[in-house]
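# Working through the structure, step by step
This is what each chain is made of:
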Amino acid sequence: MMIDLVRGNRIDMREVDRRSAILGAMAGRPVVPVRELVDLTGASSATLRRDLARLEEEGLVRRVHGGISAPTPAFPATLGAPTFNSQRIKNADRKSAIAALACGLVEDGESIIINAGTTTFAMVDFLRDRRLNILTNSFPIAEALIRGSDNRITLPGGEVYREQGIILSPFEDDTIQTLHATTMFMSAAAITPLGVVEADPLVARAEAKLLRRAERLIVLADSTKFEPRGSLVVCPLSRVSVLVTDDGISEAALAMMENAGLDVRIAPVAKEIASAA
């Protein structure tokens, strides 16, 4: 089932929103009563029981009499998303070409958001001589730009997931709520007719939260990303201002993007390089 995170709210919460609220309520507390979670999420007792059963199966909570408690550690060490290092080497030349084109779409002095991902990480090489205000939830992007550029770097609060190199917070109200950006750069697990798709709920929720702080969205997706994978729709295609891909994109995928009214920018990749990627 596809989930549209953008329309989620605290009155009629969808599953990902309820999960985040439940995890946030546990912070620093040994036990949280079920009746408090019912009031917090607005969900029925039956729906909440199903949510808590799933969270317990995933090792995120432990159900106790009358409530839930946090296991140790309170959050998982890894996410359902692939590891950063395993993904970074895939289609590296395509990602570099896409990143180079994408970096040319903003001017020095702008405030931008760069979401964690290996395609967005490729932007680092083209941002070293720029002067931008950058908010990123990618620890590798932040580390590289802090050491090797004069860009102003802001990190959100949260826990660092080492395998994915991403910083995530379970809380709805955090430091990013006061920030504003002209542009957000985002990669994705897949691009489908339903929108930009992610595989992990925590990653998807983080992207949806960041997206609310940006005026326009630029999606970086190499030509292998137009196949169904993942199950969480972060945003519809109508929210995407520009999609940057490489010249390996199929005619069918390109037609899908253009029929959706997207501004598609195609980064050229040398044929001999593309065949070796």
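Rules behind the numbers
- Residues numbered from 1 in each chain as written.
- Predicted model: local features only at pLDDT ≥ 70, side-chain atom pairs only at ≥ 80, totals over all residues.
- Heavy atoms only, no water.
- Helix = DSSP H or I, 4+ residues; strand = E, 2+ residues; numbered from the N terminus.
- Buried < 20%, exposed > 50% of the residue type's maximum accessible area, 1.4 Å probe, protein only.
- Contact = heavy atoms within 4.5 Å.
- Pairing = 2+ DSSP bridges.
- pLDDT = per-residue confidence, 0-100.
- Salt bridge = Lys/Arg side-chain N within 4 Å of Asp/Glu carboxyl O.
- Axes fitted to C-alpha atoms, helices over the stretch in contact; angles between N-to-C directions.

## Observations concerning unusual backbone geometry
The backbone of N91 shows a phi angle near 50°, a positive value even though the residue is not glycine. Along the chain, N91 turns up in the loop between α4 (84-88) and α5 (92-103). Judged by its relative accessible area of 15%, N91 is buried.

## Re the side chain of S138
In this fold, S138 is placed in the loop between β6 (133-136) and α7 (139-148). Residue contacts for S138: discarding those within four places in its chain leaves A116, L155 and G165.

## Details of the pairing of strand β15 (residues 242-246)
In summary, the side chains of a regular strand alternate between the two faces of the sheet. For β15, a buried count of five out of five residues is recorded, marking the element as mostly surrounded by other parts of the structure. Every second residue of β15 is oriented toward a common face, with V242, V244 and D246 on one face and L243 and T245 on the other, all of them buried. For strand β13 (residues 214-220) and β15, the ladder comprises three bridges, and the chain directions are parallel. Within β15, the position partnered with V219 by the bridge is L243.

## Concerning the confidence of the model for the protein
Overall, the predicted model of the protein reaches an average pLDDT of 84, with 83% of residues at or above 70. Element-level pLDDT for the protein is lowest in strand β1 (residues 3-4), with a mean of 38, against a maximum mean of 98 in strand β5 (residues 111-114). With pLDDT under 50 throughout, residues 1-12 is counted as low confidence; its partners more than four residues away or in other chains account for 26 contacts. The model gives residues 272-277 a pLDDT under 50, and that stretch makes five contacts with residues more than four places away or in other chains.

## As for the pattern of salt bridges
Throughout the structure, instances matching the rule amount to 10 salt bridges. Linking D17 and R205 is a salt bridge whose minimum nitrogen-to-oxygen distance equals 2.5 Å. Taken together, the residues span a long stretch of sequence, with D17 in helix α1 (residues 15-26) and R205 in helix α8 (residues 201-211) at a distance of 188 residues. Look at R205 and you get buried, because its relative accessible area is 10%. Taking the shortest distance from any N to any O, the salt bridge between R265 and D263 comes out at 2.9 Å.

## Remarks on the sheet that holds strand β16 (residues 263-267)
Read from one edge of the open sheet, seven strands run β7-β6-β5-β10-β13-β15-β16, paired in parallel fashion. Each end of this open sheet is capped by a strand with a single partner; those strands are β7 (152-154) and β16. The sheet shows a mean angle of 20° between the axes of neighbouring strands, taken without regard to direction. Sheet analysis places β5 next to β6, joined by four bridges and oriented parallel. Bridge pairing links I113 to L135 in β6. Most of the contacts of α8 go to strand β10 (residues 181-186), to which it runs at about 160°, and overall it touches β5, β6, β10 and β13.

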